[in-house]
Amino acid sequence: MDELMTASFKSLTWKQTSLVVFSALFFAVAIFIVEIALVGVTTRDELKASQKELLDSVEQPASNAVWALDDNLAKQTIEGVLKVAHVGSAIIELDDGSMFVSVASPISSPNMFDQLSKKLFGDLREISRSLYRPFDFKDSEKQQLIGTLTIFYDTQELTDSLFSQLRFSLIATLIRALLITLVLSIVFHRFLTKPIAEISEAIDKIDPESPDKNLLPVSKAHMNDELGLVTSKFNQILIQFGQTQSKLRKMATRDPLTGLPNRTLLLETIAVTIQRARAHKQQFCMLFIDLDRFKNINDSLGHAIGDQFLTRIARVLERVVADKGTVARLGGDEFVILADEIRSPDQAADFVEHMLFQLNTPMQLNDHTIHPAASVGISIYPDDGMSAEDLLRHADIAMYSAKAAGSNQWAFFKQQMTERAAVRLRTEASLHDALKNNEFVLHYQPKLDINTGKVVACEALIRWQKDGRLISPMSFIPVAEETGIIIPIGRWVIEQACKTIKEWQKKYNFALPIAVNVASQQFEDPSLVPDIKQLSLRYQIRPELLEIEITETSLMNDIEKAIVKLEQLKSAGFGIAVDDFGTGYSSLSYLRHLPITTMKIDRCFVTDLPQESAIASTILMLGKQLKLNIVAEGIENQEQLDWLKANDCQMGQGFFFSKPLSQHDFEEKYIKPHTATISQI
């Protein structure tokens, strides 16, 4: 249809110009014809008058010539007639019909106006007048016919002359018509065709999805005329159509009760989120929520209260989700949260716990107090599905698994993820309680001089004393790091170490350096250095008795900032040890710039001694060149100890000497026997 329209399209300007040209020509010809008729009538009247005047002027001389039968006089008389315009010939006949005299001038040759000449002046081509005896002869009582004078006009010449005059009038009329046509075409194009063309272009740009975003332009010249009126009306239609379409789209994509996206819009949003996640190689989570005991609310309190309840739940979910994703209602008491900012199972578990906590707040609806609860199923892209339908179905399956476990429960689509997340959440909650209830204790592992076997320092290692058993830090430190609780726990460790140093000095007069481990997240905390300085001042301990152990990974997160922080600690007098050196991807080029005092050989390199000794040898060589203290950790047998002693390693720790001991046991074994002396590195 569009191709047919394009093929047959003709410009309105061209049509207007053609119409004006043809109209101008038609009226020019019509005016010309009218002008011919008027001129013809005028010319006929003038010709009649001149003919009568001519006959009157020659009648008497001609009559005298005929009466006297003087042909010369008669000829002279009618030859004068030939000098009158458009007279072609003249004759005088006697009363018996015989020719007396005749004269003639050349006759015009016939042309295209011959027929027109006959129609205009055919009846005036010939005029005649009877000649009577002159009145001078008194013997006659009545008029006596003596002859006839006939004058013939050359109307062809008259017509040619007439049209010669009208030709210039016709040309002038045509020129005027063409000029008017040109001016009118320009005016029409400027004030009518061009605005219509602009409106046509604007119509082509109208987006059917958002018709009110591209309204037609209204020219200032047409604000108060028909074109402006049509444009304004059309724009009103576009605006109304856009509003109607928006309402229809909302009806098609929004839940009418809660205003949340419905299944259609949710599937579209999931599809877009999948594309974005695939492009950035990211994960996101889907939460399928089913309200517990909603049927009881509907049956007992009525559908009106049930609708209010669903609307309130929708608002709670929107508030909890905020900018982390999208909340949708599938129907009934089923909601879905597309959490595109939650990218791991652990984050999902935290979010669900927080959401259920907010959701469980009692609601007051009219005179009824309702305690909401929900079962939640979780699926993760791309592990649990690559399409919107798969993710929804698997989250739905997980929801039924949660509901089977009881009210207010949640579950991942994969059971092992549910168990792992549940353990992590329980551990996180317990860690907060442990810190508050003083359930953490420090154990101490001695560091010995490898050559003399004397204790020269120790390392403080945290343990969790729960339900009468000690929990290894391997079980809870990763969770503490993920949740950020490692920072207050680390601060507690530093404070307990300071307290122990002060206690040993006061109780045993024994000063033994204690090393404490600082996690990466704790090292990045801006309050670390001020906290360490403040605690050493509070417990009045010498800074060199507290050694801060940091991992190689902590340093590499931001080496420049790390150096600044380490400089602050070293300048204050605290010892600084690099733990697990050689296990990461650090460059040896920055090692000489680090303000450290001790380097530790990781247990994985000590375990391979003496068979695999290249890395341990390199670390020892570096330590000597940089004038650092070297500590080998994880020593478990005599062969390892002999190699380290042979290679001039200064200190060692490990199960070969002692496992980490409680403070009481450590004091009994390593401090009480040396109460009379102060051992230093």
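An unreviewed UniProt entry lists the protein under the name GGDEF domain protein, with Shewanella benthica KT99 as the source organism.

1. Observations regarding the layout of surface pockets
Computed from the structure, the largest pocket encloses a volume of approximately 1000 Å³. Along its surface, the largest pocket is lined by 37 residues, and Glu 459, Leu 461, Pro 473, Asn 517 and Asp 579 are the ones closest to its centre. Elements with a contribution of two residues or more to the lining of the largest pocket: strand 13 (455-466), helix 13 (473-483), helix 14 (486-508), strand 15 (514-518), helix 15 (520-524), helix 17 (552-557) and strand 17 (575-581). Its residues assigned to classes, the lining of the largest pocket shows 14 nonpolar, 13 polar and ten charged.

2. Things to note about the nonpolar core
Leu 431, Phe 440, Trp 504, Ile 514, Val 516, Leu 546 and Phe 666 are the most contacted members of the largest nonpolar core, which totals 77 residues. The residues touching Leu 431, leaving out its near neighbours within four places in the chain, are Phe 440, Trp 464, Phe 476, Val 479, Ala 480, Ile 485 and Ile 489. Of all hydrophobic cores here, the second largest spans 38 residues; its members include Ile 289, Ala 339, Leu 356 and Met 363.

3. Topic: the side chain of Thr 253
Of note, Thr 253 is situated in helix 6 (residues 226-253). With a relative accessible area of 14%, Thr 253 lands in the buried category. When residues no more than four places from it in sequence are discounted, the contact partners of Thr 253 are Leu 260, Pro 261, Asn 262 and Leu 265.

4. Description of the sheet that holds strand 4 (residues 145-153)
In spatial order, the strands read 2-1-4-3; together these four strands make up an open sheet with antiparallel pairing. Strand pairing shows two members of the sheet lacking a second neighbour, strand 2 (99-104) and strand 3 (126-132), which therefore form its edges. Strand-to-strand twist across the sheet, computed as the mean angle between neighbouring axes with direction ignored, equals 15°. Note: strand 3 against strand 4, seven bridges, orientation antiparallel. The residue of strand 4 that forms the bridge with Arg 129 is Leu 149. Seen against the sheet, helix 3 (residues 71-82) touches strand 1 (87-94), strand 2 and strand 4 and runs at an angle of roughly 30° to strand 2.

5. Details of the packing of aromatic side chains
Within this structure, the stated rule accounts for twelve aromatic pairs. Their ring planes at 50° and their centres at 6.0 Å tell us that Tyr 444 and Phe 666 sit as a pair that is tilted. You can see Tyr 444 sitting in strand 12 (residues 440-449) and its partner Phe 666 sitting in helix 22 (residues 663-671), a full 222 residues away along the chain. Of the two residues, Tyr 444 and Phe 666, both sit in the buried class.

The rules behind these values
- Per chain, the residues get numbers from 1 upward, laid out in the order the sequence is written.
- In keeping with the predicted nature of the model, local features appear solely for residues at pLDDT of at least 70, side-chain atom pairs appear and are counted solely at 80 or more, and the whole-chain, interface and lining totals rest on all residues.
- The side-chain values count all of the structure's non-hydrogen atoms but skip hydrogen atoms and water molecules.
- Only protein atoms enter the calculation, which uses a 1 Å grid: trapped sets of points that fit a 1.4 Å probe without letting it out are cavities, open sets showing protein on both sides within 12 Å along at least five of seven lines are pockets, and any residue with an atom within 4 Å of a point is a lining residue.
- Grid points are joined across faces, edges and corners, and a volume is the space filled by probe spheres set on the points.
- Strands here are runs of E lasting at least two residues and helices are runs of H or I lasting at least four, both read from the DSSP assignment and numbered beginning at the N terminus.
- The residue classification treats Ala, Val, Leu, Ile, Met, Phe, Trp, Tyr, Cys and Pro as nonpolar and Asp, Glu, Lys and Arg as charged. All others, Gly included, are polar.
- Among buried residues, the Ala, Val, Leu, Ile, Met, Phe, Trp, Tyr and Cys ones that are joined through side-chain atoms within 4.5 Å form a nonpolar core.
- Buried, partly exposed and exposed residues are distinguished by accessible area as a fraction of the type maximum, computed with a 1.4 Å probe on protein chains only: under 20%, between the cut-offs, and over 50%, respectively.
- Residues count as neighbours in contact if any of their non-hydrogen atoms are within 4.5 Å of one another.
- Here, strands pair whenever DSSP counts at least two bridges between them.
- Axes here refer to lines fitted to C-alpha atoms; in helices the fit is confined to the stretch in contact. Angles between the N-to-C directions go from 0 to 180 degrees.
- Any two of the Phe, Tyr and Trp rings considered here, Trp counted by its six-membered ring, make a pair once their centres fall within 6.5 Å; the pair's planes then place it as stacked at under 30 degrees, edge-to-face at over 60, or tilted in between.

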